[in-house]
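# Structural overview
The lines below spell out each chain.
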Amino acid sequence: MGNLCCNSVSKFAGGQSSHGTGKGRGHQGSIKYGFNLAKGKANHPMEDYHVARFIPHQGHEIGLFAIYDGHLGDSVPAYLQKHLFSNILKEGEFWTDPSRAILKAYERTDQSILSHSPDLGRGGSTAVTALLIDGRKLWVANVGDSRAVLSKKGQAIQMSVDHEPNTERGSIENRGGFVSNMPGDVARVNGQLAVSRAFGDKNLKNHLRSDPDVTNSDIDATTEILILASDGLWKVMTNQEAIDIAIKIKDPQKASKELVAEALNRESKDDISCIVVRFS
């Protein structure tokens with residue numbers, strides 16, 4: 001099936017933000033999406049990657065949307081951008097048991113990253129992925145703190161789970177790790193990583209999980225928008241605030257741009273990646 005990437009360039013030239021738009025078929029009319037990425041204030045290159053596109057697959061149309069927020073370099077999120085959706089769709093159980101197929105593909109992809117670790121380095125990445133099947137069924141999975149939020153009748157519904165060291169302390173300690181809580185800093189696994197699940201991170205993998213939480217939702221006439229974004233957005237606004245901003249703007253690319261601008265206005269220092277999918 002080849003590598004699944006995105007409809008426009010996701011990498012950065014001269015630190016400029018990247019953006020784009022596209023559409024697919026929905027049973028209520030066309031489904032449109034737009035995305036906007038902005039480099040944060042840190043003095044390293046942009047480490048967020050994304051996927052946003054519709055593809056035909058075995059007689060169906062599948063929307064593929066993802067944010068991969070890398071750390072300690074961009075090699076792991078770049079690998080995920082090329083391979084994670086391919087691995088999910090290659091799973092034999094994808095049509096009969098999507099949740100199990102997604103779990104297996106996440107695990108297989110992480111094992112592949114760890115086996116390639118001399119090439120991919122010691123870094124890692126969060127992931128939030130959304131698969132939209134024929135405009136009717138949405139499957140969301142995530143590891144880390146990139147987030148997916150759905151709007152039904154204007155109400156924000158978080159579809160992903162933030163995997164933070166303090167909430168998963170028991171799992172980390174059972175694996176022989178520890179969680180540090182230093183004044184003025186976020187909780188970190190072994191004093192290093194601010195998420196409790198991630199792809200890669202070979203040096204910490206004994207104490208980290210990489211299995212995703214998987215959720216699903218029917219897309220019906222009450223469903224307005226889906227937002228996927230890295231923690232650069234969610235650090236400075238609530239789920240409902242993000243929905244309230246984006247739902248007022250019909251063009252999803254403009255909506256994603258407005259969300260990024262508002263996060264920057266609220267002094268988010270991190271890389272910010274945002275995809276908005278509009279169903280109605």
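Residues numbered from 1 in each chain as written. Predicted model: local features only at pLDDT ≥ 70, side-chain atom pairs only at ≥ 80, totals over all residues. Heavy atoms only, no water.

Rule in force here: UniProt positions are given in the numbering used here, feature names are shortened, and annotations may be inferred rather than shown by experiment.
As recorded by an unreviewed UniProt entry, the protein chain carries the name protein-serine/threonine phosphatase and is attributed to Lactuca virosa. Under the UniProt heading Sequence similarities (unreviewed entry), the note attached to the protein chain is "Belongs to the PP2C family."

### Regarding the side chain of Ser180
Heads up, the rule is: Helical segments are the DSSP runs of H or I of at least four residues, strand segments are the runs of E of at least two, and each set is numbered from the N terminus. The rule is simple: take the accessible area with a 1.4 Å probe, protein chains only, and divide by the maximum for that residue type; under 20% is buried, over 50% is exposed, in between is partly exposed. Contact criterion: two residues are considered in contact whenever any of their non-hydrogen atoms come within 4.5 Å of each other.
As for its placement among the helices and strands, Ser180 is situated in strand S10 (residues 179-180). For Ser180, a relative accessible area of 13% translates into the label buried. Leaving out residues up to four positions away in the same chain, Ser180 has contacts with Val186, Ala187, Arg188 and Gly191.

### Thoughts on the packing of aromatic side chains
Rule in force here: Each pair of aromatic rings taken from Phe, Tyr and Trp, with Trp reduced to its six-membered ring, is defined by centres within 6.5 Å and is described as stacked if the planes are under 30 degrees apart, edge-to-face if over 60, and tilted in the remaining cases.
Per the counting criterion, the structure on display carries five aromatic pairs. On the basis of an interplanar angle of 75 degrees and a centroid distance of 5.0 Å, the ring pair of Phe94 and Trp95 is categorised as edge-to-face. Here the aromatic residues Tyr33, Phe54 and Phe65 are joined through ring pairs into a cluster of three or more.

### Side note on the nonpolar core
To keep it simple, the criterion reads: Buried Ala, Val, Leu, Ile, Met, Phe, Trp, Tyr and Cys residues form a nonpolar core when they are joined through side-chain atoms within 4.5 Å.
In terms of nonpolar packing, the biggest core is built from 29 residues, with Tyr68, Phe85, Ile88, Phe94, Tyr106, Leu131 and Phe199 touching the most fellow members. Only strand S3 (48-57), strand S4 (60-71), helix H1 (75-90), helix H2 (98-115), strand S6 (127-133) and strand S7 (137-143) provide two or more residues apiece to this core. Looking at this core, the element that brings in the most residues is H1, giving eight residues. When neighbours within four sequence positions are excluded, Tyr106 is seen to be in contact with Leu84, Ile88, Ala127, Thr129, Ala141, Asn142, Val143, Phe199, Ser210 and Pro212. With 21 residues, the next largest nonpolar core counts Phe35, Val140, Met159 and Leu228 among its residues.

### Remarks on the pattern of salt bridges
Keep this limit in mind: Basic side-chain nitrogens of Lys or Arg form a salt bridge, by our definition, when they fall within 4 Å of a carboxyl oxygen of Asp or Glu.
Tallying each qualifying case throughout the model produces 19 salt bridges. A salt bridge links Asp211 to Arg197, with the shortest nitrogen-to-oxygen separation between them at 3.5 Å. With a gap of 14 residues between them, Asp211 in the loop between strand S12 (199-200) and strand S13 (213-218) and Arg197 in the loop between strand S11 (188-189) and S12 connect regions that are remote in the sequence. The exposure class of Asp211 is partly exposed, given its relative accessible area of 30%.

### A word on the environment of Lys153
With respect to the helices and strands, Lys153 occurs in the loop between strand S8 (147-152) and strand S9 (155-158). It is 23 Å that separates the C-alpha atoms of Lys153 and Ala141, two residues lying 12 residues apart in sequence. With near-sequence residues (within four places) excluded, Lys153 lies in contact with Thr222 and Glu224.

### A closer look at the packing of helix H6 (residues 239-247) against helix H7 (residues 252-265)
Selection rule: In this analysis an axis means a line fitted to C-alpha atoms, helices contributing only their contacting stretch, and an angle means the value between N-to-C directions, from 0 to 180 degrees. In what follows, roughly perpendicular refers to angles from 65 to 115 degrees, roughly parallel to angles under 35, roughly antiparallel to angles over 145, and oblique to any angle outside these ranges. The sense of a crossing depends on the near helix, which, turned anticlockwise from the far helix by less than a right angle, makes the crossing left-handed and, turned clockwise, makes it right-handed. Residues are grouped as follows: nonpolar covers Ala, Val, Leu, Ile, Met, Phe, Trp, Tyr, Cys and Pro; charged covers Asp, Glu, Lys and Arg; every other residue, Gly included, is treated as polar.
The N-to-C vectors of H6 and H7 enclose an angle of 135 degrees; their axes lie 9 Å apart at closest approach. Comparing the axis directions of H6 and H7 gives the class oblique. Crossing angle aside, the handedness with which H6 passes H7 is right-handed. Touching Ala242, Ile245 and Ala246 of H6 are Ala255, Glu258, Leu259 and Glu262, all from H7. By residue class, the composition of the contact of H6 with H7 is five nonpolar, no polar and two charged.

### Some points on H2
The line we're drawing: Given the number of residues in a helix, its expected span is that number minus one, multiplied by 1.5 Å.
The end-to-end C-alpha distance of H2, which contains 18 residues, comes to 25 Å, matching closely the 26 Å that a straight helix rising 1.5 Å per residue would cover. Residues of H2 that are buried: Pro98, Ala101, Ile102, Ala105, Tyr106, Thr109, Asp110, Ser112, Ile113 and Leu114. Here the buried face of H2 lies against H1, helix H3 (117-120), S6, S7, S12 and S13.

### Some words on H6
What counts is decided by this rule: By arc we mean the arc of the directions from the helix axis to the C-beta atoms, nothing more.
Listed in full, the buried residues belonging to H6 are Asn239, Ala242, Ile243, Ile245 and Ala246. Angular distribution of buried residues about the axis of H6 spans 165 degrees; they occupy a single face of the element. Where H6 is buried, its residues meet S8, S9, strand S14 (223-229), helix H5 (231-234), H7 and strand S15 (272-278).

### Here we look at unusual backbone geometry
Backbone geometry at Asn190 places phi at a positive 55 degrees, although glycine is not the residue there. Locating Asn190 in the fold gives a position in the loop between S11 and S12. With a relative accessible area of 15%, Asn190 lands in the buried category. Not every positive phi belongs to a glycine, and Asp201 is a case in point at roughly 55 degrees. Within the element layout of this structure, Asp201 appears in the loop between S12 and S13.

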